[in-house]
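# Examining the three-dimensional arrangement
The lines below spell out each chain.
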Amino acid sequence: MTGCMNMSLKIKINENYGTLKKNYLFSEIAKRVKLYTEAHPEADIVRLGIGDVTRPLSPVVVKALKDASEEMGNAATFRGYAPEYGYDFLREAIAGYYKKFPVEITADEVFVSDGAKSDVGNIVDILGDNEILIPDPVYPVYVDSNLMSGRRVSFLNGNIDNGFSPLPDGIAEKPYIIYICSPNNPTGAVYTRDGLKKWVDFANKTGSLIIFDAAYEAFITGDYPHSIYEIEGARTCAVEICSFSKTAGFTGTRCAWTVFPKELEAGETKLADLWSRRQATKFNGVSYVVQRAAEAALTEEGQRECKESIAYYMENARIIADVLESKNIRFTGGKCSPYLWLECPNGMKSWDFFDYLLEKEQVVGTPGAGFGNAGEGYFRLTSFGSREATVEAAARLKRLL
Ligand code: MLT
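Residues numbered from 1 in each chain as written. Predicted model: local features only at pLDDT ≥ 70, side-chain atom pairs only at ≥ 80, totals over all residues. Heavy atoms only, no water.

Taken together, the side chains of Leu-9, Ile-11 and Ile-13 make up a nonpolar region of the molecular surface, amounting to roughly 360 Å² of accessible area. Within the element layout of this structure, Leu-9 appears in the segment before α1 (25–39). A residue is classified by how much of its surface remains accessible, and Leu-9, at 66% relative accessible area, is exposed. (Patch = residues over 30% accessible without salt bridge, like charges linked within 9 Å, V, L, I, M, F, W, Y side chains within 5 Å. Areas by Shrake-Rupley, 256 points an atom, 1.4 Å probe, with all protein chains shown as cover. Salt bridge = Lys/Arg side-chain N within 4 Å of Asp/Glu carboxyl O. Helix = DSSP H or I, 4+ residues; strand = E, 2+ residues; numbered from the N terminus. Buried < 20%, exposed > 50% of the residue type's maximum accessible area, 1.4 Å probe, protein only.)

Attention now goes to the site of the ligand. Near the ligand, the surroundings consist of Phe-26, Ile-50, Gly-51, Tyr-139, Asn-185, Lys-246, Tyr-339 and Arg-380. Tyr-139 is positioned with one of its side-chain polar atoms (N or O) 2.6 Å from an oxygen atom of the ligand. One of the side-chain N or O atoms of Lys-246 is found 2.9 Å from an oxygen atom in the ligand. Here the residues of the shell around the ligand sort into 4 nonpolar, 2 polar and 2 charged. (Near = heavy atom within 4 Å. Polar contact = N/O pair within 3.5 Å; in protein donor to acceptor, adjacent residues only side chain to side chain. Nonpolar A, V, L, I, M, F, W, Y, C, P; charged D, E, K, R; others polar.)

Before going further, it helps to examine the packing of helix α2 (residues 59–72) against helix α9 (residues 288–297). At their nearest, the axes of α2 and α9 sit 8 Å apart, and the two run at 150° to each other. When the axes of α2 and α9 are compared, the pair comes out roughly antiparallel. α9 is crossed by α2, and the crossing has right-handed handedness. Residue-level contacts link Val-60, Val-61, Ala-64, Leu-65, Ala-68, Ser-69, Glu-71 and Met-72 of α2 to Tyr-288, Val-289, Arg-292, Ala-293, Ala-296 and Ala-297 of α9. Here the contact of α2 with α9 is composed, by residue class, of 11 nonpolar, 1 polar and 2 charged. (Axes fitted to C-alpha atoms, helices over the stretch in contact; angles between N-to-C directions. Parallel < 35°, antiparallel > 145°, perpendicular 65-115°, else oblique. Left-handed = near helix turned anticlockwise from the far one by under 90°. Contact = heavy atoms within 4.5 Å.)

It is worth spelling out the sheet that holds strand β15 (residues 378–382) at this point. Taken in spatial order, the 4 strands of this open sheet run β11-β12-β15-β14, and their pairing is antiparallel. Among the strands making up the open sheet, the edge pair consists of β11 (331–333) and β14 (366–367). Across the sheet, helix α10 (residues 300–326) lies against β11, β12 (339–343) and β15, angled at about 15° from β12, the strand it touches most. (Pairing = 2+ DSSP bridges.)

This paragraph deals with unusual backbone geometry. Cis geometry marks the peptide bond from Phe-101 to Pro-102; its omega dihedral reads -5°. The residue after Asp-136, namely Pro-137, is reached through a cis peptide bond having omega 5°. Considering the arrangement of structural elements, one finds Pro-137 in the loop between β3 (131–136) and α5 (141–148). Phi is positive for Phe-164, which is not a glycine, with a value near 55°. A positive phi is found at Asn-328, a non-glycine position, where the angle reads about 55°. Examined against the element boundaries, Asn-328 turns out to sit in the loop between α10 and β11. Look at Asn-328 and you get exposed, because its relative accessible area is 72%.

In terms of nonpolar packing, the biggest core is built from 56 residues, with Ile-210 and Phe-244 touching the most fellow members. For this core, the leading source of residues is α9, giving 7 residues. Within the second largest apolar cluster, 48 residues are counted, among which are Tyr-36, Ala-189, Ile-329 and Phe-353. (Core = buried A, V, L, I, M, F, W, Y, C linked by side-chain atoms within 4.5 Å.)

This part is about the packing of aromatic side chains. One pass over the structure, following the stated rule, counts 32 aromatic pairs. Ring geometry for Trp-199 and Phe-202: centres 5.9 Å apart, planes at 90°, overall edge-to-face. Of this pair, Trp-199 and Phe-202 both sit in helix α6 (residues 193–206), 3 residues apart, roughly one helical turn. When its relative accessible area of 0% is taken as the criterion, Trp-199 is described as buried. (Phe/Tyr/Trp six-rings, centres within 6.5 Å; stacked < 30°, edge-to-face > 60°.)

So this is what it looks like as structure tokens:
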């Protein structure tokens with residue numbers, strides 16, 4: 001007998017999820033594009049929304065994948081669980097990568113993971129109930145992961161006047177968790193050495209922690225810091241998260257790292273020890289094959305191949321920038337970043353422009369409002385598309401704008 005019993009669970013759920021927008025930004029975009037394609041199956045859509053790479057993995061990376069796969073198929077060289085914090089060969093290669101900035105990091109300060117997004121989301125686990133400072137606009141994972149844990153978030157307003165690089169001037173002096181993304185996703189703004197020094201000094205003075213997201217550092221040209229550890233004093237106040245996704249085309253391959261300097265302590269506790277404990281408990285490492293591929297991307301040849309892909313994407317950025325300039329549309333980014341951040345024409349709101357562009361020219365971008373309230377009225381285009389798609393999008397934008 002089944003009856004009409006109320007089958008609802010009696011458990012408590014994480015009510016903090018109720019404070020989030022219904023869908024994650026890029027899921028919302030995918031949903032809207034799917035609806036549009038269902039209604040217009042013939043539409044030839046150009047996707048410059050999510051920052052997903054399109055260039056294939058480089059030859060040296062592919063060779064490393066193949067060689068490592070052969071090892072995994074051989075009883076003598078087969079490997080089981082990877083070390084929780086990454087194989088020494090990769091931790092050492094990453095530490096070596098920092099030497100060119102030049103920054104001294106030791107291999108045991110590097111923690112390998114499956115993505116910068118995972119580390120950004122997971123780091124909340126080792127932090128208590130602090131006040132959080134997050135630039136607006138910015139990558140939505142910072143805000144969402146803090147809201148999921150019930151944290152209090154305050155925003156640092158980015159705008160055209162401060163070059164989307166807010167500084168600590170005028171902020172109450174107390175301890176915070178401060179997120180900085182440079183080059184910034186979505187605006188492409190890059191902190192100068194002076195700007196970053198202000199944040200490092202503020203953090204050291206107030207006992208705050210900076211979570212520095214350097215996922216786009218490889219796109220920098222000119223004299224801007226690639227790593228926060230180029231700034232004196234950063235080792236006592238900052239962790240740095242970086243990734244192979246955009247640099248080496250690993251969005252589908254998955255590998256990243258976070259640096260916890262030994263000096264980073266809260267009272268008697270080293271943050272690295274908390275992170276080690278967290279990762280050892282909840283994470284089983286990145287596969288051997290992928291770590292060998294990541295190591296290959298950091299070799300001289302691998303770096304040369306990565307630079308070729310970056311140059312390709314930056315040429316895409318130039319193609320889009322040319323159109324925006326010819327139409328007198330104000331934008332930032334596209335120089336040290338694969339993203340172009342433009343003002344929506346005629347004062348349109350971000351999601352209205354998203355719909356307009358999709359309807360009229362079947363081009364998909366990312367509405368600025370999805371990156372925070374300060375992003376309203378802006379729109380992001382990525383240069384990670386293929387050349388063909390970028391040229392086509394540029395022609396359509398030229399026609400519409
Ligand atoms: C973006 O489009 O902002 C990125 O692809 C998102 C990510 O890296 O997770």
